[in-house]
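A closer look at the structure
These are the residues of each chain, in order.
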Amino acid sequence: MSFRDVSMETQVELWKSHSLCLLEAIGQVVVVIDTEGRITAFNSFAEEMFGLSREDVLNQPFSKVFEHVTKAYHYPINTIVKGEELNKKEVNYCPFLRKEGFFLHDTALIRNQMGDIIGAMWLYQDITEQRKYEREVAKAELLAAVSELAAGTAHEIRNPLTTVRGFIQLLASKHANEKDYYELMLKELDRANKIIGDFLALAKPRANEMGLCSINHLIEDILLLVESQANLHDIGVVKDLSGDIPLICLQPDQIKQVFLNLIRNSVQAMPDRGLLYISTKLSDQGDFVLMEIKDTGVGIPADRMAKLFVPFFSTKTDGSGLGLTISYRIVKNHGGDIQVESEEGKGTVFRVSFPVSAGA
Ligand SMILES: Nc1ncnc2c1ncn2[C@@H]1O[C@H](COP(=O)(O)OP(=O)(O)O)[C@@H](O)[C@H]1O
Ligand SMILES: [Mg+2]
């Protein structure tokens, strides 16, 4: 072996170990295939995600290793066949793991010094958690901005409204023949006042009314308020309130506001007859009280789900679009959470959870 050969060999070894390091340093799934479709590199992230060991898949045809997955998803092979690279292609389903979420694909053609294609590299990332986190942060930022706005301007608007209301009442008493107009003006003013009141509730829930309460009792209180409306729309109410949930430390008025809005939303979603199920139970681990409000109403189209908690998002002619924003804020302030599931035309379920240990 000549001196030159040794140095070539060392260089090749060096290059190999460099590229191995690189494959790991990328921090996501990397699979490389040659033009025959055989796997030539499979990093540890790929091993972990697909539950396969490198030894078992190296030099095996990609299409055989992933034969359980439709060919449309054989990204590196398709890249070679079509000669088209993928750039941060985001998809909502992972056929390899058979799960929904957010996944990012990149592919790159690998060429030799002459420019001929000798393989393809596939980079794959599960960004579901990251997306969820981004959404939470965006929601929290939005809420903070709204709260600031609310605190700063609501009082400023309310004060002149009170003055205007007073004068309208005065004028109304002097012009009895135009009573209808004045009544309408007062009604509209009261509506504006109510929206401002809701808005103020966003700013900061008062922290001094915490007390140990029974979620079941709060629900019963609210049901009394909506019962007549439910009857009017031919809505049956089914309660399944568990007898052995602990008392929880919370602000009853705030939580009642949450329940009222959720139940009212459900009732409004069933304009002509339906069923409203309300249940409470303790989580399996005993650490959360879980409440479900389920309706057989119009449901929520998938593209609308992300907007539900956005301030002022409403599909109702007389809606403020603040109900869910405020409810979310209140529940979060109690250390809890609200989740929604819905099917258009079938119904919706809102799940609210409260930590048992929150203030106990
Ligand atoms: N149970 C439900 N069924 C169908 N749609 C709902 C339900 N709850 C909420 N929504 C949708 O979410 C929107 C926002 O609700 P919310 O914040 O309470 O404001 P509002 O009730 O004033 O419209 C509603 O306008 C409606 O489109
Ligand atoms: Mg509402």
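Per chain, residue numbering runs from 1 following the sequence as it is written. Chains carry letters and ligands carry numbers; both start at the beginning, A for chains and 1 for ligands, and go up in the order they are written. Local features in a predicted model are, by the rule used here, given only for residues with pLDDT of at least 70; side-chain atom pairs are given and counted only at 80 or more, and totals for whole chains, interfaces and linings are based on all residues.

1. Side note on the overall build of the chain
This is how the line gets drawn: The numbering of helices and of strands both runs from the N terminus, where a helix is a DSSP run of H or I of at least 4 residues and a strand a run of E of at least 2. Atoms counted for the radius of gyration: C-alpha only. Globule rule: 2.2 Å times the number of residues to the power 0.38. Around each residue's C-beta, the other C-beta atoms within 10 Å are counted; 20 or more make the residue buried, 12 or fewer make it exposed, and counts in between make it partly exposed. All C-beta atoms are placed from the backbone. Note that contacts rest on C-beta atoms placed from the backbone: two residues are in contact if these are within 7 Å.
Within the chain one finds 11 helices and 12 strands. Compactness check: the chain gives a C-alpha radius of gyration of 30 Å against a globular reference of 21 Å for 360 residues, more than 25% above the reference. Taking all 360 residues of the chain together, 23% fall into the buried category. A sequence separation of at least 24 residues applies to 62% of the contacts in the chain between residues at least 6 apart.

2. Observations concerning the sheet that holds strand E2 (residues 39-42)
Worth spelling out the cut-off: If DSSP finds at least two bridges between two strands, the strands pair. The convention used is that axes are lines fitted to C-alpha atoms, helices contributing only their stretch in contact, and that angles between N-to-C directions extend from 0 to 180 degrees.
Read across the open sheet, the 5 strands follow the order E2-E1-E5-E4-E3; overall the sheet is antiparallel. The open sheet has two free edges, formed respectively by E2 and strand E3 (89-94), since each of these has just one partner strand. Between one strand axis and the next, the sheet turns by 25 degrees as a mean value, whatever way the strands run. Packed onto the sheet, helix H5 (residues 75-82) meets strand E1 (29-34), strand E4 (99-111) and strand E5 (117-126) and runs at close to 140 degrees relative to E5.

3. Remarks on the domain arrangement of the chain
Here is the rule we go by: The split of the chain into domains comes from an automatic or database domain assignment. Residue classes follow a fixed rule: Ala, Val, Leu, Ile, Met, Phe, Trp, Tyr, Cys and Pro count as nonpolar, while Asp, Glu, Lys and Arg count as charged, and any other residue, Gly among them, counts as polar.
Entries for the chain in the domain assignment read domain 1 (3-126), domain 2 (127-204) and domain 3 (208-360). One C-alpha centre belongs to domain 2, the other to domain 3; they are set 23 Å apart. Listed as interface residues are 9 residues of domain 2 and, on the opposing side, 8 residues of domain 3. Elements with a minimum of two residues in the side of domain 2 that touches domain 3: helix H6 (128-174) and helix H7 (179-203). Among the residues making up the side of domain 2 that touches domain 3, the classes are represented as 7 nonpolar, no polar and 2 charged.

4. Let's talk about the site of ligand 1
Selection criterion: By definition, a residue lies near a molecule or strand provided its backbone-derived C-beta atom is within 6 Å of it.
Around ligand 1 sit 21 residues, and of these Asn-265, Ser-314, Gly-319, Gly-323 and Leu-324 come closest. When its residues are assigned to classes, the shell around ligand 1 shows 7 nonpolar, 12 polar and 2 charged.

5. A look at the sheet that holds strand E12 (residues 347-355)
Sheet architecture is open: 5 strands sit in the order E7-E9-E10-E12-E11, paired in mixed fashion. The strands lining the two open edges of the sheet, one partner per strand, are strand E7 (235-241) and strand E11 (337-343). In this sheet, adjacent strand axes meet at a mean angle of 10 degrees when their direction is disregarded. Where E11 meets E12, 7 bridges bridge the pair, whose relative direction is antiparallel. Looking at the pairing, Ile-338 lines up with Val-352 of E12. Sheet strands touched by helix H9 (residues 252-268): E7, strand E9 (274-282), strand E10 (288-295) and E12. Its angle to E10, the strand with the most contacts, is close to 20 degrees.

6. Comments concerning helix H8 (residues 215-232)
What counts, and what does not: In this analysis, the expected span of each helix is defined as 1.5 Å times one less than the number of residues it contains. To get the bend at a residue, fit one axis to the 7 residues ending there and another to the 7 starting there, then take the angle between the axes.
For H8, which comprises 18 residues, the first-to-last C-alpha distance of 26 Å matches the rise-based estimate of 26 Å (1.5 Å per residue) to within 8%. Of all the bends in H8, the greatest, near 50 degrees, is centred on Val-226. Within the span of H8, buried status applies to Ile-215, Leu-218, Ile-219 and Ile-222. Check the buried side of H8 and you find it contacts strand E6 (211-213), E7, strand E8 (248-250), H9, E9 and E10. Two residues or fewer after H8 comes Asp-234, characterised by a positive phi angle close to 60 degrees.

7. Concerning unusual backbone geometry
Leaving glycine aside, a negative phi is the common case for residues, and trans is the common case for peptide bonds. Positive phi outside glycine occurs at Asn-59, with the angle close to 70 degrees. Positionally, Asn-59 belongs in the loop between helix H3 (54-57) and helix H4 (62-65). Residue classification places Asn-59 among the exposed positions, given that 10 C-beta atoms sit within 10 Å. Unusually for a residue other than glycine, Phe-312 sits at a positive phi of about 70 degrees. Within the secondary structure, Phe-312 is located in the loop between helix H10 (302-305) and helix H11 (323-333).

8. Regarding the packing of H9 against H11
Under the convention used in this document: Any angle between 65 and 115 degrees counts as roughly perpendicular, while under 35 counts as roughly parallel, over 145 as roughly antiparallel, and the rest as oblique. It is the rotation of the near helix from the far one that decides the hand of a crossing: anticlockwise by less than a right angle makes it left-handed, clockwise makes it right-handed.
Interaxial distance between H9 and H11 falls to 9 Å at its minimum, and their mutual angle equals 140 degrees. On the basis of their axis angle, the class for H9 and H11 is oblique. Read as a crossing pair, H9 and H11 show a hand that is left-handed. Of H11, the residues touching H9 (which contributes Gln-254, Ile-255, Gln-257, Val-258, Asn-261, Leu-262 and Asn-265) are Gly-323, Leu-324, Ile-326, Ser-327, Ile-330 and Val-331. By residue class, the composition of the contact of H9 with H11 is 7 nonpolar, 6 polar and no charged.

9. A word on the pairing of E3
Little of E3 sits out of view: just 0 of its 6 residues are buried. Where E3 and E4 come together, 5 bridges link them in antiparallel fashion. Residue pairing in the sheet places Tyr-93 in a bridge with Glu-100 of E4.

10. So, the environment of Gly-297
Topologically, Gly-297 is positioned in the loop between E10 and H10. Along the chain, Gly-297 and Thr-70 lie 227 residues apart, while their C-alpha atoms are 37 Å from each other.

11. A short note on the nonpolar core
The test is simple: Linking buried Ala, Val, Leu, Ile, Met, Phe, Trp, Tyr and Cys residues through C-beta atoms within 7 Å yields a set, and such a set is a nonpolar core.
Membership of the largest hydrophobic core comes to 28 residues, with the highest contact counts inside it found for Ile-215, Leu-218, Ile-219, Ile-255, Val-258, Phe-259 and Val-289. Elements supplying a minimum of two residues to this core: H8, E8, H9, E9, E10, H11 and E12. By residue number, the principal contributor to this core is H9, which donates 6 residues. The residues touching Ile-215, leaving out its near neighbours within four places in the chain, are Ile-245, Ile-248, Thr-280, Val-289 and Met-291. Counting residues in each nonpolar core, the second largest holds 21 residues, with Val-32, Ala-46, Phe-66 and Ile-80 among its members.

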